[in-house]
Amino acid sequence: MTLMRWASHVIYSLVESRLRVALFAGAMLLPQAAVADQSFGTPVPERFGEFQWLSPWIESGGSYEEGRDGRFRIFSASFGGRWVGDLSRYRAGEFLEAQVSFGTRSLVASPLRYSRLEETELSPTLIDGFAGVSGSWGRLRFGLLPLMFGTESGVESERIWIRPLIVRRGLIGLRDVGLHYSVSSGGFFSDWFVHNGEGGEDLDRELWMTARWEYRLRTSRMQWRWGASGQVGRTAPASTLPSGTTADPGIELDPTEPSRLRFASLYMASDWVVGQGERGEESDRRFGFELEAFGGEVLQDARSRRIRSLRMDFHWDPTDFWGLFLRGEAYDPDMLHEASFGVQRYFLRGSMKRSLRGILVATKEMVENRDQDHHRVEFRLRFSPELFD
């Protein structure tokens, strides 16, 4: 009996060990068999396009105005994502795109003639929400789009200086809902927009048109840009009366009457490499300037008003870590003149040079028939962790 028990115990142990091995092998091979069955049976959906996060943009700092207390503030912030799908297998050179970004209301910058009293510059909102298709024939986009007027490109991280008075005074918006078509050939570029004009909800059902034509000349050491922009549209009390405000007290837009507005600008910009950077051409020291002349007219039954502006900017990087700015700007009908001087500090090197920078700006504001000039100091810290070409 003892011998029989010992033999049965040995046989049971061998069977149990082999069973465990078989179960383990089956568990490992079962997913592979499922994948093989899926490969030869049901087709796996093909992934189309590529998604990428957009680099966050933050511009914060503080300001002090003569006769007023200083304050800290966030000037603008944004974050979003972008998707791009290649259509080369169907049509050579074509691709689809879509972009969604959220940020502060200051990046939409609706013209102040449509200002909503319940909204502030820091109100969170959708700032980009568009889709489009591009090919050899051009690019077509629709949705909430960046408007291109004058030297504005809609990309915050590419902006070198503070915005001009025509934007800060609410005459020209930065983004709007509509349709955008752009095309280029050689050094010629043109952009066409049909949009609501309000930078948000369409209340008056009036369409606006914006266009920009530009010629660019670029070499390894310098770049020139010459261009012209135009914008025309109408307003109605349905959009201007609820706000009770105007783009600028100087133009005295009557919100109870419909109006016709038209704006135009001529500009020239140049950028020169004046010194080699420490780590490649992305960190080269540069010198450049911008010159822009702006004119506009507001037509209503009561009367018509005209707006004029002239701006000249200079920027220069004397070292790898420091930059200097100088601006002179005149604005009428207020007969306002601004002179600004700025110092910029680069905290990083190489292709990341402009990803983290601080700007100190001192501005003197002079108005005719006002006894005392107004002085303002601002500090801005800009952060956008992306590579610049």
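Residues numbered from 1 in each chain as written. Predicted model: local features only at pLDDT ≥ 70, side-chain atom pairs only at ≥ 80, totals over all residues. Heavy atoms only, no water.

Trainee: Outline the overall build of the protein, listing residues and values.
Mentor: Within the protein, the secondary structure is distributed over 3 helices and 16 strands. Looking at the protein residue by residue over its 389 residues, the buried ones come to 42%. Of all intrachain contacts in the protein linking residues separated by at least 6 positions in sequence, the fraction that spans at least 24 positions is 59%. In the structure as shown, the protein presents an accessible area of about 21,800 Å², 61% of it carried by carbon and sulfur atoms. (Helix = DSSP H or I, 4+ residues; strand = E, 2+ residues; numbered from the N terminus. Buried < 20%, exposed > 50% of the residue type's maximum accessible area, 1.4 Å probe, protein only. Contact = heavy atoms within 4.5 Å. Areas by Shrake-Rupley, 256 points an atom, 1.4 Å probe, with all protein chains shown as cover.)

Trainee: For the nonpolar core, give the residues involved together with the corresponding values.
Mentor: Within the largest apolar cluster, 18 residues are counted, with the highest numbers of intra-cluster contacts made by Ile166, Leu171, Ile172, Phe263, Phe294 and Ile307. Residue assignment for this core shows that the elements contributing at least two residues are α2 (165-168), β10 (259-275) and β11 (285-299). Tallying contributions element by element places α2 first for this core, with 3 residues. If you look at the next biggest cluster of nonpolar residues, it comprises 5 residues, including Trp161, Ile162, Ile359 and Val361. (Core = buried A, V, L, I, M, F, W, Y, C linked by side-chain atoms within 4.5 Å.)

Trainee: Got a sec to walk through the environment of Phe130? Specific residues and values, please.
Mentor: Mapped onto the fold, Phe130 is located in strand β4 (residues 124-135). Taking the relative accessible area as the measure of exposure, Phe130 reaches 5% and is therefore buried. Leaving out residues up to four positions away in the same chain, Phe130 has contacts with Glu97, Ala98, Gln99, Arg141, Phe142, Gly143, Leu144, Leu145 and Pro146.

Trainee: Kindly report on the environment of Trp316, identifying the contributing residues and their values.
Mentor: Along the chain, Trp316 turns up in strand β12 (residues 304-316). Sequence-wise, Trp316 and Gly288 are 28 residues apart; in three dimensions their C-alpha atoms are separated by 6.5 Å.

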